[in-house]
Amino acid sequence: MVSVDFVITQLITGISIGSQLFLVAVGLSLIFGVMDVLNFAHGVLYMIGAYVVVLFATGGELLGFAFPELGYWMGLVLAMLIVGLVGAFIEWGFIRRVYDREPLDQLLLTFAFVLIFTDIIRELFGSAASIQPPALLAGNLMLPVGYTISTYRAFVIMMSVLTMATLLATLRYTNVGRKVRATASDRDMSRLLGVNVPVLYTAVFFVGAALAGLGGALSAPILSIKPALGDQIIIQAFIVVVLGGLGSFGGAFIGAYVIGIMSAMGPVIGVAGAGELMPFLAMILILLVKPEGLFGSVKA
């Protein structure tokens, strides 16, 4: 019989997994919600963020250049900045040329970057890398109910909540947010009203990519970092946004935590592979019953 302690422990683990999923899924949802682009390369941007934080946190040599050891926190900031710039370059140089084409063209274009960047990272960094959590976040926190959680995992959960709150506040209460929402609703009308749509799109893609870089950098001390990491996370991110509703931040937030908890509860059921199977079953059910997702009609 499964003990209550084991169930609660797995629940805490699921919440931690959900926070990691949200940090990558929210950028994917932002880009789709504003630009109607399904960015299949989002997972690879997440993977790049993980490698960048390792490079700057630990130092090392790359392409004959010796990188200084700047520490985890500076590596976290640089991961967001560098991945954001990579994303902006992809949008500016390539994706904006296929906005008016079929969605399949956009999907194939972004998938090409998955193959390109995966091979580049493999050549530059090798098969795997690792990093430890910063000393400030080492150890465990005691929860009020008597259970413990890794201090670093608690920090990641806090970052996911903070990211959600910051995005919603920016979109709802700032002039930039109003322009983003207006452009998402009617691109042509926004252009007539003076919004520089190409610049706005590049900025949105920068932010979405930077969020993927943040997610990868925050997950680096928790996950095994390897070139295939992007392929693994993009599948889970798509499940999250399908479950919550494409373009809905609230849906991405709820969907990420639901999927994280379902994945962690697999061992509780006692069926081999249940943790990997349940998110896919949930996605199939949603597609059949409510194709727009749980919060698909909700606009950020």
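Report on the accompanying structure. (Residues numbered from 1 in each chain as written. Predicted model: local features only at pLDDT ≥ 70, side-chain atom pairs only at ≥ 80, totals over all residues. Heavy atoms only, no water.)

### Brief notes about the overall build of the protein
Right, on to step 1. When you go through the protein residue by residue, the secondary structure sums to twelve helices and four strands.
Right, on to step 2. Relative to the compact-globule value of 19 Å for 300 residues, the protein shows a C-alpha radius of gyration of 19 Å, a close match.
Right, on to step 3. For the protein, the residues scored as buried account for 48% of the 300 residues in total.
Right, on to step 4. Summarising the internal contacts of the protein: among those between residues at least 6 apart in sequence, 75% fall at separations of at least 24.
Right, on to step 5. If you sum the accessible surface of the protein, you get close to 14300 Å²; carbon and sulfur atoms cover 69% of it.
Right, on to step 6. Computing the positive centroid from 14 side-chain charges and the negative centroid from 15, the protein places the two 10 Å apart. (Helix = DSSP H or I, 4+ residues; strand = E, 2+ residues; numbered from the N terminus. Rg over C-alpha atoms; globule rule 2.2 N^0.38 Å. Buried < 20%, exposed > 50% of the residue type's maximum accessible area, 1.4 Å probe, protein only. Contact = heavy atoms within 4.5 Å. Areas by Shrake-Rupley, 256 points an atom, 1.4 Å probe, with all protein chains shown as cover. Lys, Arg positive; Asp, Glu negative; His and termini not counted. Charge placed at Lys NZ, Arg CZ, Asp CG, Glu CD.)

### Here we look at the packing of helix α1 (residues 4-35) against helix α10 (residues 249-264)
Right, on to step 1. With their axes 6 Å apart at the nearest point, α1 and α10 run at an angle of 145° to one another. Crossing of α1 over α10 shows right-handed handedness.
Right, on to step 2. Looking at the contact of α1 with α10, its residues break down into 15 nonpolar, seven polar and no charged. (Axes fitted to C-alpha atoms, helices over the stretch in contact; angles between N-to-C directions. Left-handed = near helix turned anticlockwise from the far one by under 90°. Nonpolar A, V, L, I, M, F, W, Y, C, P; charged D, E, K, R; others polar.)

### Some points on the environment of isoleucine 120
Right, on to step 1. Relative to the helices and strands, isoleucine 120 is located in helix α4 (residues 103-125).
Right, on to step 2. Along the backbone, isoleucine 120 and glycine 255 are 135 residues apart, and their C-alpha atoms lie at a distance of 32 Å.

### Digging into the pattern of salt bridges
Where side chains of opposite charge bring their charged atoms close, a pairing between them can arise.
Right, on to step 1. Taken as a whole and assessed by the stated rule, the structure comprises five salt bridges.
Right, on to step 2. Arginine 96 is paired through a salt bridge with glutamate 91; the nearest N and O atoms lie 3.5 Å apart.
Right, on to step 3. Lysine 290 is the salt-bridge partner of glutamate 292, the closest N and O atoms lying 3.2 Å from each other. (Salt bridge = Lys/Arg side-chain N within 4 Å of Asp/Glu carboxyl O.)

### A short note on the packing of helix α5 (residues 151-173) against helix α8 (residues 197-219)
Right, on to step 1. Direction vectors running N to C along α5 and α8 enclose 170°, while the axes themselves pass 11 Å from each other. Classified by the interaxial angle, the pair formed by α5 and α8 is roughly antiparallel. Residues Tyr152, Phe155, Val156, Met159, Thr163 and Leu167 of α5 touch α8, and the partners they reach there are Leu211, Leu214, Ala217 and Leu218.
Right, on to step 2. In the contact of α5 with α8, the residues fall into nine nonpolar, one polar and no charged. (Parallel < 35°, antiparallel > 145°, perpendicular 65-115°, else oblique.)

Everything listed here is a matter of geometry and, on its own, says nothing about what the molecule does.
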